[in-house]
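Structural overview for review
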Amino acid sequence: MTTLTRDEITRLSPPERLALIGELWDSMTDADLALPAVQCRELEHRISSFDADRASSVSWAELKAELAARIV
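Description of the structure in this document. These figures come from a predicted structure and were not determined experimentally.

Each value, and the rule that gives it
- Residues numbered from 1 in each chain as written.
- Predicted model: local features only at pLDDT ≥ 70, side-chain atom pairs only at ≥ 80, totals over all residues.
- Heavy atoms only, no water.
- Helix = DSSP H or I, 4+ residues; strand = E, 2+ residues; numbered from the N terminus.
- Rg over C-alpha atoms; globule rule 2.2 N^0.38 Å.
- Areas by Shrake-Rupley, 256 points an atom, 1.4 Å probe, with all protein chains shown as cover.
- Lys, Arg positive; Asp, Glu negative; His and termini not counted.
- Charge placed at Lys NZ, Arg CZ, Asp CG, Glu CD.
- Patch = residues over 30% accessible without salt bridge, like charges linked within 9 Å, V, L, I, M, F, W, Y side chains within 5 Å.
- Salt bridge = Lys/Arg side-chain N within 4 Å of Asp/Glu carboxyl O.
- Buried < 20%, exposed > 50% of the residue type's maximum accessible area, 1.4 Å probe, protein only.
- Polar contact = N/O pair within 3.5 Å; in protein donor to acceptor, adjacent residues only side chain to side chain.

1. Describing the overall build of the protein
- Summing up its helical and strand segments, the protein has four helices and zero strands in all.
- Shown N-terminal to C-terminal, the secondary structure of the protein runs as helices and strands in the order α-α-α-α.
- In terms of C-alpha radius of gyration, the protein reaches 22 Å, well past the compact-globule figure of 11 Å for 72 residues.
- With the principal axes as the frame, the protein shows a C-alpha extent of 60 × 40 × 15 Å.
- When the accessible surface of the protein is split by element, carbon and sulfur atoms take 61% of a total near 6,800 Å².
- The protein carries 8 positive and 13 negative side-chain charges, and their two centres are separated by 8 Å.

Following this line, the structure appears as structure tokens:
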């Protein structure tokens, strides 16, 4: 494995650095990205809360119209 120094990385062009980021990200496995149990529970809670609140939500267009009406 070739290790790049910080100086070598900063000499790369922005597209080259983005490509490097992509290669690094693609090299990760699901096991590398596993979340702790407490974070998994929090995500499950937020998703269930989102699903429960979806019926009473408004669209972005409706919200903008409501805010615009308050200004006038």
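Next, the rest of the story.
2. Brief notes about a nonpolar patch on the surface
- Taken together, the side chains of Val 58, Trp 60, Leu 63 and Leu 67 present a nonpolar region at the surface, about 390 Å² in accessible area.
- In this fold, Trp 60 is placed in helix H4 (residues 60-71).
- Given a relative accessible area of 58%, Trp 60 falls into the exposed group.

3. Examining the pattern of salt bridges
- The full count for this structure, using the stated rule, is four salt bridges.
- Between Asp 7 and Arg 11 there is a salt bridge whose closest N-O contact spans 2.5 Å. Taken together, the residues Asp 7 and Arg 11, both in helix H1 (residues 6-11) and four residues apart, mark about one turn of the helix.
- By relative accessible area, Asp 7 is classed as partly exposed at 46%.
- Residue class for Arg 11 comes out exposed when judged on its relative accessible area of 59%.

4. Re the environment of Leu 18
- When you line up the elements, Leu 18 lands in helix H2 (residues 14-26).
- According to the relative accessible area criterion, Leu 18 is exposed, its value standing at 59%.
- Residues Leu 18 and Asp 51, 33 residues apart in the sequence, show an inter-C-alpha distance of 35 Å.

5. Some remarks on the environment of Thr 10
- Looking at where Thr 10 falls in the secondary structure, it is placed in helix H1.
- Engagement of the side chain of Thr 10 in a polar contact is seen with the backbone oxygen of Asp 7, the distance being 2.9 Å.

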